[in-house]
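If you want the building blocks of each chain, they are given just below.
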Amino acid sequence: MGNIKTIPIPRIKSITKEDFIEHYYKKQQPVLIEDLAKDWPAYEKWNLDYIQSLAGDQIVPLYNNEPTKGRQNSVVPAKKMKLYDYIEILKTKPTDLRMFFYNVLQKMPELTKDFNYPGIGLKFFKKLPVMFFGGKGSKVLAHYDMDLADLVHFHFHGTKNVTLFHPDQAKYLYKVPFTVHNLEVIDMDNPDFEKYPALQLAQGMHTEMKHGEALYMPSGYWHYITYENGGFSITLRAFPRKAKQFTEFVTNIVFMRTFENLMRRIVGQSWVDKKEARMVKRVNKKFESGEL
């Protein structure tokens, strides 16, 4: 057992459009911007009580840390419940139940009055502001977004830890074939270096996000998240514009996810077990031979 090596993500108070483009966007360098949302109404208004007051009887899908099994699709909710009741859990006790990709425009459009798209030079896709919720102790599997968007991720109510990995670190992370995540049994907070020795070579970047802070996550960056307490975030995304990234984006959406779910339905759990075992064997062999 051990700890994955990390360095701090740069942390700044504010930034101009020109400096953001020059020092972070062009270099694809993560940065945490403390005051980017300070002038949003959301900075004062957004907490779990406020979201709960707007929830009504919405039924939402919730996900936990258990891998999907058998002939299930790769992403299947663990349960569904009223958003009001779920937020009550977040306010009162630890839980591994999470909600992700909650479409604000469709589900709670009144929230759009509380934020704006920052003028830092990114061409945001304004039809898809999405929210993420998690409880104390819940964890988000290490993954990268299959649409390869540049992300600005704003956190509210409480704190959470975020570890990022540059795309070139994927070879150390035990990426599962035909997915955008690593092996689900790996405990990224206390990895077993005997079983997964390549993780010793990984170099991450870490920060703790507090209320109202914004994290720029460049295209293709892996992220692993743990919630220190119940809270939620909103992500604004700018889709890739380079031909190579756009091609990979289309491949991920149209082919990779479809193929993975098809094989799960046809072959079942043995498809998952065999491809994961082959991947671990391959990565460990490269580690032992010094190829990584």
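Calculation criteria
Residues numbered from 1 in each chain as written. Predicted model: local features only at pLDDT ≥ 70, side-chain atom pairs only at ≥ 80, totals over all residues. Heavy atoms only, no water. Helix = DSSP H or I, 4+ residues; strand = E, 2+ residues; numbered from the N terminus. Buried < 20%, exposed > 50% of the residue type's maximum accessible area, 1.4 Å probe, protein only. Lys, Arg positive; Asp, Glu negative; His and termini not counted. Salt bridge = Lys/Arg side-chain N within 4 Å of Asp/Glu carboxyl O. Contact = heavy atoms within 4.5 Å. Patch = residues over 30% accessible without salt bridge, like charges linked within 9 Å, V, L, I, M, F, W, Y side chains within 5 Å. Areas by Shrake-Rupley, 256 points an atom, 1.4 Å probe, with all protein chains shown as cover. Core = buried A, V, L, I, M, F, W, Y, C linked by side-chain atoms within 4.5 Å. Phe/Tyr/Trp six-rings, centres within 6.5 Å; stacked < 30°, edge-to-face > 60°. Pairing = 2+ DSSP bridges.

Mapped onto the elements, Glu-276 comes out in helix H7 (residues 269-289). We note that Glu-276 is buried and unpaired, the nearest opposite charge coming from Arg-264 at a distance of 5.8 Å. Not counting residues within four places of it along the chain, the set of residues in contact with Glu-276 comprises Val-176 and Leu-183.

So, on to a nonpolar patch on the surface. Together, Leu-262, Ile-266 and Val-267 line one region of the surface with nonpolar side chains, adding up to about 240 Å² of accessible area. Following the sequence through the fold, Leu-262 ends up in helix H6 (residues 243-267).

Right, let's talk about the nonpolar core for a bit. Counting residues in hydrophobic clusters, the biggest one holds 43 residues, and the most contacted among them are Met-131, Phe-154 and Ile-234. Tallying contributions element by element places helix H4 (residues 83-92) first for this core, with five residues. Setting aside chain neighbours within four positions, we find Phe-154 in contact with Leu-36, Ala-37, Trp-40, Pro-118, Glu-213, Ala-214, Phe-232, Ser-233, Ile-234 and Leu-236. Membership of the second largest hydrophobic core comes to 25 residues, among which are Ala-142, Phe-165, Ile-186 and Phe-193.

Right, let's get into the packing of aromatic side chains. This structure, assessed with the given rule, holds 19 aromatic pairs. Each ring, one from Phe-20 and one from Tyr-216, has its centre 4.9 Å from the other, and the planes form 75°; the classification is edge-to-face. Taken together, the positions of Phe-20 in helix H1 (residues 17-25) and Tyr-216 in strand S12 (residues 214-217) put the pair 196 residues apart, joining distant regions of the chain. With respect to burial, Phe-20 and Tyr-216 carry one shared label: buried. Relative to Phe-154, the ring of Trp-40 has its centre 4.4 Å away and its plane inclined at 35°; by these criteria the two rings are tilted. Of the two residues, Trp-40 is situated in the loop between strand S3 (31-33) and helix H2 (41-45) and Phe-154 in strand S9 (residues 150-156); the sequence distance between them amounts to 114 residues. The structure contains a cluster of three or more aromatic residues connected by ring pairs, namely Trp-40, Trp-46, Tyr-102, Phe-115, Tyr-117, Phe-124, Phe-133, Phe-154, Phe-156 and Phe-232.

Once that is clear, we can look at the pattern of salt bridges. Applying the stated rule across the entire model yields 14 salt bridges. Arg-11 is the partner of Glu-34 in a salt bridge, and the nearest nitrogen-oxygen pair spans 3.2 Å. Here the residue Glu-34 occupies a position in the loop between S3 and H2, and Arg-11 occupies one in strand S2 (residues 11-12), the gap between them amounting to 23 residues. A relative accessible area of 15% places Glu-34 in the buried class. Classification of Arg-11 as partly exposed rests on a relative accessible area of 35%. A salt bridge links Lys-91 to Asp-49; the nearest nitrogen and oxygen atoms lie 2.8 Å apart. Separated by 42 residues along the polypeptide, Lys-91 in helix H4 and Asp-49 in helix H3 (residues 48-55) bring together distant segments of the chain. Accessibility expressed as a relative area gives 34% for Lys-91, which makes it partly exposed. Salt bridges sharing common partners tie together Arg-11, Lys-13, Glu-34 and Glu-213.

Moving on to the sheet that holds strand S6 (residues 98-103). One open sheet accounts for seven strands, arranged S2-S3-S12-S9-S14-S7-S6; its pairing is mixed. Both edges of this open sheet fall to S2 and S6, since each of them pairs with a single strand only. Relative to S12, S9 is paired through four bridges, and the arrangement is antiparallel. Looking at S12, one finds that Val-152 is bridged to Tyr-216.

All right, on to the pairing of strand S10 (residues 160-165) then. Buried residues dominate S10, accounting for six of its six residues. As paired strands, S10 and strand S11 (residues 203-209) are joined by five bridges and run antiparallel to one another. In the strand pairing of S11, Leu-164 is matched with Met-205. Summarising the sheet, S10 and strand S13 (residues 222-227) pair through six bridges and their orientation is antiparallel. Residue pairing for S13: Lys-160 is matched across the bridge by Tyr-227.

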